[in-house]
Amino acid sequence: MEEEKSSTKKSINPKDATICEATARMLEKAKKDGVETAFDRALNMKACPIGADSACCKHCAMGPCRLNSKDPYGKVGVCGATIDTIMARNFARMVAAGAACHNDHGMAMLDLFREVANGNNQDYKIKDVHKLEDVARSVGIEVEGRSTKEIALDLYKELERTYTQVEGEIPFAKRVPEKTLETWRKHGIVPRGAMREIMELMNRTHMGVDQHYENLTKQCSRTALADGWGGSMVATEICDILFGTPTPVSAEVNMGVLKENEVNIIVHGHEPNLFESMLVSVNEPSLVKAAKDAGAKGINLVGMCCSGAEMLSRHGIPHAGNFMSTEAILVTGAVDAMAVDIQCIKQGLVKVAECYNTYLF
Ligand code: SF4
């Protein structure tokens, strides 16, 4: 039965699936090896037509309610929600999830910054003091004649409001161009704090709360701004302060960065502290010796996806590919280990890693 099912599966044409020559070659190899990737799953995934049109709601236990986008006003949900309300709610929950991801990442970076600033974490340090002072000044913190620690602790306290504040405007609203800020204020969409905005958006999109699509979309804007001008911006600034502000570098990219005679380790994810630590430890003599004892010339550390981009821009570390080539690169059979942290880590990586004996951790 299983065999019968797999024989009806459509087969990808790698050249149609990607414009990346290296990925296309690995997809060709994966086909020969009988290994499945996201490209195969995408081709064989028959999208739910109701879901594709966002015409379904399962926000409460009276549902799921299925509407028809071909006859959008012919039917409403059990609670009476129209298709406009349902679609606005579905979109809003995507905004809430995206904003939560970026903000949670930003908050993790800010947690690390706090621990470094108060001396509890000695493994990292504030690398870019100029950037620290610039960011502090931009939110109104006095820097003249003060120690790095004093400025950093004040900056931590100020930026924590990005997430936890319940009333007022997020700290980086001070950086918004005047006219833009005026418009945001007029429309009531200056974010207060990310947790507050995401919580309110989740509440207002539930059954029996906010019903009007325009009003729901307005809260989407406020939540999205709590991401772009809030959590995401904090993450960027804090990473620069802790790990250094990027400058133009020249670096190699794509799968050719893997080396035939070295132990190839890929770091993939979002939080640069994992990669920064590995970059320090990769030159540890005992590790280099272990690689040599195993017959390799050394250890080749490369990045992928977003933490890869951070390491490329700060240290010129080779970048092996983006989110969509993370499975394909394992198909080379040349990856000894892949380290992952949070976000963009496909569950499908586990199976592909098993097929090629790659240690995934
Ligand atoms: S909120 Fe309304 S439309 Fe959504 S599942 Fe409940 S009853 Fe159905």
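Thresholds applied
- Residues numbered from 1 in each chain as written.
- Predicted model: local features only at pLDDT ≥ 70, side-chain atom pairs only at ≥ 80, totals over all residues.
- Heavy atoms only, no water.
- Helix = DSSP H or I, 4+ residues; strand = E, 2+ residues; numbered from the N terminus.
- Buried < 20%, exposed > 50% of the residue type's maximum accessible area, 1.4 Å probe, protein only.
- Contact = heavy atoms within 4.5 Å.
- Areas by Shrake-Rupley, 256 points an atom, 1.4 Å probe, with all protein chains shown as cover.
- Near = heavy atom within 4 Å.
- 1 Å grid on protein atoms, 1.4 Å probe; cavity = no way out; pocket = protein on both sides within 12 Å on 5 of 7 lines; lining within 4 Å.
- Sits in = over half its atoms within 2 Å of the grid points.
- Polar contact = N/O pair within 3.5 Å; in protein donor to acceptor, adjacent residues only side chain to side chain.
- Points joined across faces, edges and corners; volume = space filled by probe spheres on them.
- Nonpolar A, V, L, I, M, F, W, Y, C, P; charged D, E, K, R; others polar.
- Domains from an automatic or database assignment.
- Buried area = accessible area lost by both parts, 1.4 Å probe.
- Salt bridge = Lys/Arg side-chain N within 4 Å of Asp/Glu carboxyl O.
- Phe/Tyr/Trp six-rings, centres within 6.5 Å; stacked < 30°, edge-to-face > 60°.
- Lys NZ or Arg CZ within 6 Å of the ring centre and 35° of its normal.

Caption draft 1: Here's a closer look at the overall build of the chain. Counting its regular elements, the chain contains 16 helices and six strands. Taken along the three principal axes of its C-alpha coordinates, the chain extends 75 × 65 × 30 Å. Expressed as a percentage of the 361 residues in the chain, the buried residues total 43%. Of all intrachain contacts in the chain linking residues separated by at least 6 positions in sequence, the fraction that spans at least 24 positions is 65%. A total of about 19,000 Å² of accessible surface is found on the chain, and carbon and sulfur atoms cover 55% of it.

Caption draft 2: Examining the site of the ligand more closely. Close contacts around the ligand come from C57, H59, C60, M62, G63, C65, G77, V78, C79, I86, R89 and M207, and that covers them all. Assessed atom by atom at 2 Å from the grid points, the ligand resides in the largest cavity.

Caption draft 3: Expanded view of the side chain of Q165. Position of Q165 among the secondary structure elements: in the loop between α8 (148–164) and α9 (178–187). The class for Q165 is buried, based on a relative accessible area of 11%. At a separation of 3.0 Å, a polar atom in the side chain of Q165 contacts the main-chain carbonyl oxygen of E169. Those residues within four positions of Q165 in sequence are excluded, and the remaining contacts are I170, R192, G193 and R196.

Caption draft 4: Representation of the layout of surface pockets in the model. Put simply, the largest pocket is a space of about 280 Å³. Along the wall of the largest pocket there are 13 residues; nearest its centre are K9, K10, V35, E36 and D40. Mapped by element, the contributors of at least two residues to the lining of the largest pocket are α3 (21–33) and α4 (38–44). With three residues, the single largest contributor to the lining of the largest pocket is α4. Of the residues that constitute the lining of the largest pocket, the class distribution is four nonpolar, three polar and six charged.

Caption draft 5: Quick peek at the domain arrangement of the chain. Examined at the domain level, the chain breaks down into domain 1 (83–243) and domain 2 (255–360). For domain 1 versus domain 2, the separation of C-alpha centres amounts to 31 Å. The interface is formed by eleven residues belonging to domain 1 together with eleven residues belonging to domain 2. It is H105, Y124 and F243 in domain 1 that bury the most area against domain 2; as a group they hold 56% of the surface buried on that side. Joining domain 1 to domain 2, the criterion identifies one salt bridge. One salt bridge connects D240 with R314, and the closest N-O pair in it is separated by 2.8 Å. The interface formed by domain 1 and domain 2 contains five residue pairs in polar contact (both at pLDDT 80 or more). Elements with a minimum of two residues in the side of domain 1 that touches domain 2: α6 (83–117) and α11 (213–243). With six residues, α6 is the largest single contributor of residues to the side of domain 1 that touches domain 2.

Caption draft 6: Representation of the packing of aromatic side chains. Enumeration over the complete set of coordinates arrives at three aromatic pairs. Where Y124 meets F243, the ring centres are 5.9 Å apart and the plane angle is 75 degrees; that geometry is what we call edge-to-face. Residue Y124 is located in the loop between α6 and α7 (129–138), and its partner F243 is located in helix α11; the two are separated by 119 residues in the primary sequence. Comparing Y124 with F243, the two get one shared label, buried. Each ring, one from Y359 and one from F361, has its centre 5.2 Å from the other, and the planes form 20 degrees; the classification is stacked. Residue classification places Y359 among the exposed positions, given a relative accessible area of 55%. In this arrangement the basic side chain of R175 is found over the ring face of F172, its NZ or CZ atom lying 4.0 Å from the centre. The residue whose ring lies beneath K346 is F323, and the NZ or CZ to ring-centre distance is 4.3 Å.

Caption draft 7: Molecular detail of the pattern of salt bridges. This model, assessed by the stated rule, comprises 28 salt bridges. With a shortest N-O distance of 2.8 Å, E237 and K131 are connected by a salt bridge. Linking E237 in helix α11 with K131 in helix α7, this pair joins segments that are 106 residues apart in sequence. For E237, a relative accessible area of 10% translates into the label buried. On the accessibility criterion, K131 (15% relative accessible area) is buried. Between K179 and E182 there is a salt bridge; the shortest N-O distance is 3.8 Å.

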